[in-house]
Each structure stands twice: as C-alpha cells, then as structure tokens.
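# Examining the three-dimensional arrangement
Here is what each chain is made of, one letter per residue.
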Amino acid sequence: MRRVIALLSCALMLITSHVSAKDVEYRLPSSITPTFQQIHLNIDPDTPAYSGTTVIDITVKEDTKKVGFYQQDLTVTGASLTSGDNTIALSVSEGDYNMNWGSAEDTIAKGKYKLHITFEGEINKSSDGMYLSSFEGRNYIFTQFEDMHARKAFPSFDEPAFKIPYQMTITSPEKQVVVSNTPVESRSVEDGMQTVKFEKTKPMPTYLIAYTVGPFDSAELTGLSVPGKVYVPKGYADKTKFIVKHTPEILTALENFFDIKYPYKKLDFVAVPNFTHGAMENVGLITYRDSLLLLEDNPPLTERSGPLNVIAHELAHQWFGNLVTMQWWDDLWLNEAFASWAASYTMKELYPELNFAERIVQEGAFGADASPTVKPVKKVVRIQPDVMDGLGLNYSKGESILQMIESLIGTEKFREGVRNYMNTHAWRNTVADDLWAALDGVSDFNLSAMMKAYLEQPGYPLISIDSDGKVTQSRFHYAGADVKAQTWAVPLKLTYKVNGKIKQEVVFIDKKTTRLPQLAEAEWVFPNDDATGYFRWAIPASQLNALLNDLDALNNREKKNVLYNTQALLNAGEVGIDSVMPVLNTLAQDDEAVVKRAAVGVLGQFTYLVDDSNRSDYALLLTQEYMPVLNQLTLSPSEGETESEIKLRNSLYGLLGTYANNDALIKKSEKLAKQYISDPTSVPSAIAGIAIAVSTKHGNPEMFDNIIAAYKQAELPNVKQTLLYSMRYSDTETVNKMLDIALTDLVTPANTLYMVVSVARNLDDQTALYAWMDKNLDALISKMPEYHVSRMPEFVSRTCDTANFKRAEDFYAPIKDKYEGMARSYTIMVDSTQQCLRLKDTFQDDFNRYLSEYAN
Ligand SMILES: [Zn+2]
C-alpha cells in the first residue's frame, strides 16, 4: 500500500512451509488450515444491502469441536461443514479479535472438509472493507482489504500466512462493469442480472483480494507483458494518457530488476474517487487515488514524480509482498520499505530528470524517529491500530536502512541478494530474517547484526568525532528529551582530509566509544559518504568550518546532508543558531538549485519561531537574502528548466509569499490566483496553489465563492485539490464556511480530514477550529474513515503554541479513549508538541537576536 500504500503449486505445502504459524490468542489456531476459498457475492452499487455465500476447503489436523474464521459487521445466516455426503451443522458465536467460532454437536474428526457459510452485510460508506463511492451522481463499489478488512466483506481466514487460491463470483445488475484480480472465466445474464465468474487466483493472502463494480469507462494499457486496462469513473478515459504511456516501461524495469516476469495473468488499474490511502497493490487490480491516474496529457516535471513513483511502488509489490508475502503484519514495514526502495531505484533508472538520485530519504524519517516514545520498526502487532502505529515512519526508515545496505554492498550485490530471496520464496511467506540471510549470502558484512540493532531498537545514533579521532555514539534526541542509552552497529563511510589529501574508508562502529587514530590529524572528517547513513554526526566546529571551505569535495547529496545535519544538531542542543546560519548562508549561495532549495527548506523550518514580535525582522531577512534569488527566477516557468529549479522557485515563492510581506508579490499572487480560478490550464497547479494561499492569507474573502464555483467545475482531481486545500483564510466566518464544506458531498469521506487539516495548519489561534469540531464532532466522526478518526490528534492537532495545545487537550480528553487507536495518536501529538515547545523555549531568544541584525 502507498499512504499515502502491497503464491506455490501445492497450497498445503505453503502453510506448513518455512515458519509455522504461532498459536497466539489474536490469531486463528494453526490446527485448521484453508486450502481454497470460493466466494459468491450478490451486489448492486445502488443498494447498500448485499448477500453472499462462501465455501472454504479446510484441513482439520486434530480432532476438534469448533472451527474458527474471521468476520466483522456481517450477519452470518448459516454455517456447516461437509465431507462427501456427510453434513455437520455449526452454531456460530462471536469471539475476540473478530473471530467467529462454528461449534458442532459432536467432535469434528481430523480430515478434509468444506466450510459453507452464508451471510448478509451492508456496503459501507467509509473507505475500507467493501465500500460505496458516489461520484458525479453515480455509485461505484470498491474494496480495500489491507490490512484486516477482508473480514468486513466476507468470512475468511483473514491472515497473510494463509496464502491460498481464491475464486470470486459476482452477481450484479447487467449494466455494471465488474472487475476482480483475475480474468473473467464465464459470464451469464438472466433477468437483467449478470453473474461473472473469475478465474481461480494464484495462491495469495486475503488482503490482496479486490473487486470493483460500477459504470466504469476504461482505456487499454498496451505494451505490458500481460493484458491490462485502466478503469476510470464514467467520462474520464481520456485523462489516462500519461500513465498509459509510462506504465509499460516501469513494469519492464521491474521485471528486469527481479529477473522474473510479472507473475499474474493480467494487470488492471482503477482510479478511485474516494480513497484513504494513495494506492493499493491488489494482485492484478491495483487501486489508486484518482488524482494519481487522471492527469494532464503532459504534466509539468514536478507533477510527474508523484504518480510515477506510486505506480512503481505498487508494481514492485507484485513481486515483493504479493509473490513473496510477509508471514504476519509485524513485517509489513519490510514490505513497504522494499517497495519504496524499489520505486526510488526505478525512478532513478528511468527518469533521471526527476532527480530521485538527490533525494535524501532518511530526512523523511529522522523527525518522527527522534521522538522519545517512538517504537521500534519491529514490534508486536495484534490488531489493526497496532499495524498503523508508526507505519508512515516504517516506510521511510525501512527504505533508508535498505539504502544503507545497498550503499554498503553495492547495487549489483543487493540485486543479486533480492533475486535469490525471490527465487527461494516465490509463492510463499517469509519473515524479515529471510531477506537478511539472502543479503548476507552475497556480502562480506554481517548485515543481520546491523539490522537487528536498527530494527529492534527505536531511534538512531548520533556519531560524535572529536579532534583526536575518538568516536562516540549515543541515541540522538532533541534538546530536553529523555531517552535511554543505546548502541548500534553503524557502518561509517568516512571521507577525510589529512595533509591536504582526501582519503576514504569504511569502518564499523559497534561500541559506545571507539578510537580511530587515522582521524586524529584530520583537517575535517565527513563520516557519511554519499549521505546514505541512517545516523546524525558531529565534528568539532573548526573541522566544520574547514569543511565549508572545501565544499567542492562533496556532492549535492552530501552538501544537503551537512546542512540538514547541522540543523538537527541545533535541535539536539549540540550547537547554537550561530553555528547553523553560516552553513545555511554558504549553501544558499551554492550554484546548484537542489542545494539552494535545501537551504530555503531549512530556513522555512525556523518559522515556528516567528511570531508577532519578530515577524517584521524575519521579513527583512527574507527580503534581503532571498528576494533577489526569486526575482532572478521570476514566477514564470521558462523553457528547459530543471526539476530542481522549478522546485526552488516554488519553495522560495511559498516562503517569501507567506512571510516577506512584499506588496508586489502579494498583488502578483492575486493576479495569478484569479487567472487560475477562471482557467486552471493557464497557471501550473503548484504555482497556483501558492498564489491562492498567499492571496487568501492576506485577505480577499470574496475569492472564496469563486474558488468553490471553480472547484465544482473542475475535472482533474489535482485541480480540485489545489483549489480547495490551498486556502489560508483565518477570519472566523470564512473558516467556518471552509469547515462546513468538509461535511458536504463536495468533499469525499477520504478527503474530509484533509480539509480540516488545511484549516488547522493555517490558524495561529485555533479557537474557531475547536469550536467547530466540538459542535460537529458526531457528523465528522461518522463521515471519516476509521483510520482518519483514530489519527486525528496527529494530523489535525500538532502545534507549537501553548494556547492551541491546551485547546487540543480539552478537546481530546473526553474522546481519546472512545475510538480505537486515538489514544496512541494523542500521545504522538503530545510528544511532538511538547518537543516543539521545548525547542521554542530554548532557541527563541537566540533567533530574535539573530534577526535583530536585519532590523538595524
Ligand atoms: Zn506499499
């Protein structure tokens, strides 16, 4: 799955192979295993109620009195076991963890049976399980079964280790398009109803089953190694040209990487107008948020990365995750980490102009992973909220660690290890150790030990190197936070300068203190060659100054690392603002746009210290140091610009437009915003989003109605998002109007939270936000997907303001224990807020002092 988000000739062998399922209370007993499941559903997108039957072939390995399966929110209307002519009636009762138990009067002797279950349910309006999405007056049914939601659609052995073939049959009104994981085997029509039987699947877990029913249009996906189509809501087939053009080359690149052809018989995509996540890697039927598939024919460079990267991620899962599946949800992080790594690899191979080579993925993980209450990547998972806890971090931390291994052993060896792993475990389940074993097998390093330290402990190390070559490691944390002492096995890829000569070597550090005599005479040490290490580092101030004078020795990634690392040391309380600003100012002058942009990004991170008392001084700093750079770039894209230049412009424009208080820039923004509102093709969406943000932040309440009118008219999801989520109004009347829209049909359930978040992040004083949420809580909770309900504290309420924090505490106190997972999210919100408040306390005076230089 991409959040923003996912099989053996003899199924029996699969279950008994490798790691036997552990008997724990939250999983079905290992003494009964399924080998094949047939599902028949009677569904109509225009009728919420549906019914179904399922037949599951099972093997009972020990005599028993009851058979367990999962179901949630369904009504089981009948259950029985058959074996030849023999039928055993089962009475079904509900147990914990969504398990149901079918009990027999007499003992069920060990042997093979068919478990028959009939059931009824309601198609929900949330966005998991089997759900309804109404779009432009038409109803569509979609599914999202990862991670534990298949049980909401039909009874099943809903655990990833039960990797068996399925066969889906769907009866629905004749006019509907019906699609599932496999090609259609047969279709019959009677009295206006069609019954579509799909081919039996390869062995797969329940969470990868998918089907969709609705009045779809479609476009052919040609040039793949199997047949494929893109299904879209009615009327949108002509918006798929961009992805139809690029999908084949991505699939081919991955087939070459794994050296295994795409393992299934067809490959369809479907654009979903109401989707909590980014996309889901269902076998042969990948679902995507509509904004990722429905695009301009030739989007601007900066709008290509998102869709192409997500497609590469979901396609990579067809091997890693689908062909080889984790045994249990505690290794979901590896599934996601690998798909993210493979997507980055593919993007670098195919689209160098999109600049993935210069992205530093660790930076997406370091913030959350510095929290004192962060959990290790590898943790016990029992129920749904356990899976989601920290999942976003697990993608980025996991990818960072895979990248660290790749850089250590080389891309060739890494690929060889992955190929060996795939060939050994194809169609089966694995645990993370299987991958480390495969990678150990092709390298000279003890990767397993390194992995253990990084994955079974939270956080990451700070490597401090002193002028005598003494190397010390400690757990990195922000100033004032309390963490326990830890050590890691850390590969240091050193670059250092001695006697005017630059040298390189790799050393492993696994103790708290190590001495490297070769560094004692160094003019400077840079311990993170190519910026692939998952750690922070500190060198003496004199060495950092020498390094800044020698920046030509570093590549762009490394220069960015110096900057981000110095900023992190500031947050850790290791250095003062006086140490960061010279690095920032030096790199803001760099010739490369990608490095300059990193400097702008870091400068933007100081805005939590900007308030009414220093706002004008901050505006002066921006005007003096950065307005000339923006003026040089102008707000109009020119022919031949690189992706980095475009992004630099966008970053500068966002920062200066918001904080520089520059009349000309605000006027220009109003003009661009109006231009976009009347014709969305006239301004690139990224620029338009900033123009709307700047204009609405500085007044223009009359623009609101025009924005909403344009939103209703807009066709492309990207344009709709730009219009709706860029507004930065802060007056109570317009804020309430924006929030009210979140509850209307104009905003899908999956997007409801984004509207609230876009209001929250813009309000200095959030009184109006919490008043509205108090008043509309029931409506808000019943509209949003459960996942968003549980994560509200983190998404909506992180703040760096004491009064807003108090409002959040008051708001969540009576509700946080009522919704599954919300209490954990609340803790994460409290941690990050307190961390920010501590930093503010520590650095406010220094920051003001620094800014005051611009006031004089
Ligand atoms: Zn994924």
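Residues numbered from 1 in each chain as written. Predicted model: local features only at pLDDT ≥ 70, side-chain atom pairs only at ≥ 80, totals over all residues. Heavy atoms only, no water.

## What to know about the pattern of salt bridges
With the rule as written, the count across this model stands at 30 salt bridges. With a closest N to O distance of 3.5 Å, R807 and D765 form a salt bridge. Note that R807 is positioned in helix α27 (residues 802-812) and D765 in the loop between α24 (749-760) and α25 (767-783), a separation of 42 residues in sequence. Its relative accessible area of 23% is what places R807 among the partly exposed residues. (Salt bridge = Lys/Arg side-chain N within 4 Å of Asp/Glu carboxyl O. Helix = DSSP H or I, 4+ residues; strand = E, 2+ residues; numbered from the N terminus. Buried < 20%, exposed > 50% of the residue type's maximum accessible area, 1.4 Å probe, protein only.)

## Some points on the packing of helix α8 (residues 391-409) against helix α9 (residues 411-425)
Taken N-terminus to C-terminus, the directions of α8 and α9 make an angle of 120 degrees; their axes are 6 Å apart at the nearest point. If you check the angle between α8 and α9, you find them oblique. Where α8 approaches α9, its residues L402, I405, E406 and I409 are matched on the opposing element by T411, K413 and F414. The residue inventory of the contact of α8 with α9, partitioned by class, reads four nonpolar, one polar and two charged. (Axes fitted to C-alpha atoms, helices over the stretch in contact; angles between N-to-C directions. Parallel < 35°, antiparallel > 145°, perpendicular 65-115°, else oblique. Contact = heavy atoms within 4.5 Å. Nonpolar A, V, L, I, M, F, W, Y, C, P; charged D, E, K, R; others polar.)

## Side note on the state of the cysteines
Per the stated rule, a full pass over the model turns up one disulfide. At a sulfur-sulfur separation of 2.1 Å, the disulfide partner of C800 is C836. Judged by the sign of its S-S torsion, about -100 degrees, the cystine formed by C800 and C836 is left-handed. Taken together, the positions of C800 in the loop between α26 (786-797) and α27 and C836 in helix α28 (residues 822-855) put the pair 36 residues apart, joining distant regions of the chain. (Disulfide = S-S within 2.5 Å.)

## Quick notes on the domain arrangement of the protein
The domain architecture assigned to the protein consists of domain 1 (461-566), domain 2 (576-661), domain 3 (664-728) and domain 4 (731-856). For domain 2 and domain 3, the distance between their C-alpha centres works out to 22 Å. If you look at the interface, domain 2 gives twelve residues, while domain 3 gives 13 residues. Buried surface at the junction of domain 2 and domain 3, both sides included, amounts to about 990 Å², of which 75% is carbon and sulfur. On the domain 2 side of the interface with domain 3, the three residues burying the most area are L635, N650 and Y653, jointly 51% of the side's total. Across the domain 2-domain 3 interface, the total number found is zero salt bridges. At the boundary of domain 2 with domain 3, the tally comes to one residue pair in polar contact (both at pLDDT 80 or more). Breaking the side of domain 2 that touches domain 3 down by element, the ones donating at least two residues are α17 (627-633) and α18 (643-659). A breakdown of the residues in the side of domain 2 that touches domain 3 according to their chemical character gives six nonpolar, five polar and one charged. (Domains from an automatic or database assignment. Buried area = accessible area lost by both parts, 1.4 Å probe. Polar contact = N/O pair within 3.5 Å; in protein donor to acceptor, adjacent residues only side chain to side chain.)

## Things to note about the UniProt feature "binding site: Zn(2+)" (unreviewed entry) in the protein
The UniProt feature table records "binding site: Zn(2+)" (unreviewed entry) at H313, H317 and E336. These annotated residues cover 24 residues of sequence, but their C-alpha atoms sit close together, with the largest distance between any two at 8.5 Å. Within the secondary structure, H317 sits in helix α4 (residues 305-317). When you line up the elements, E336 lands in helix α5 (residues 332-350). On the basis of relative accessible area, E336 is assigned to the buried category, the value being 0%. (UniProt positions renumbered as here; feature names shortened; annotations may be inferred.)

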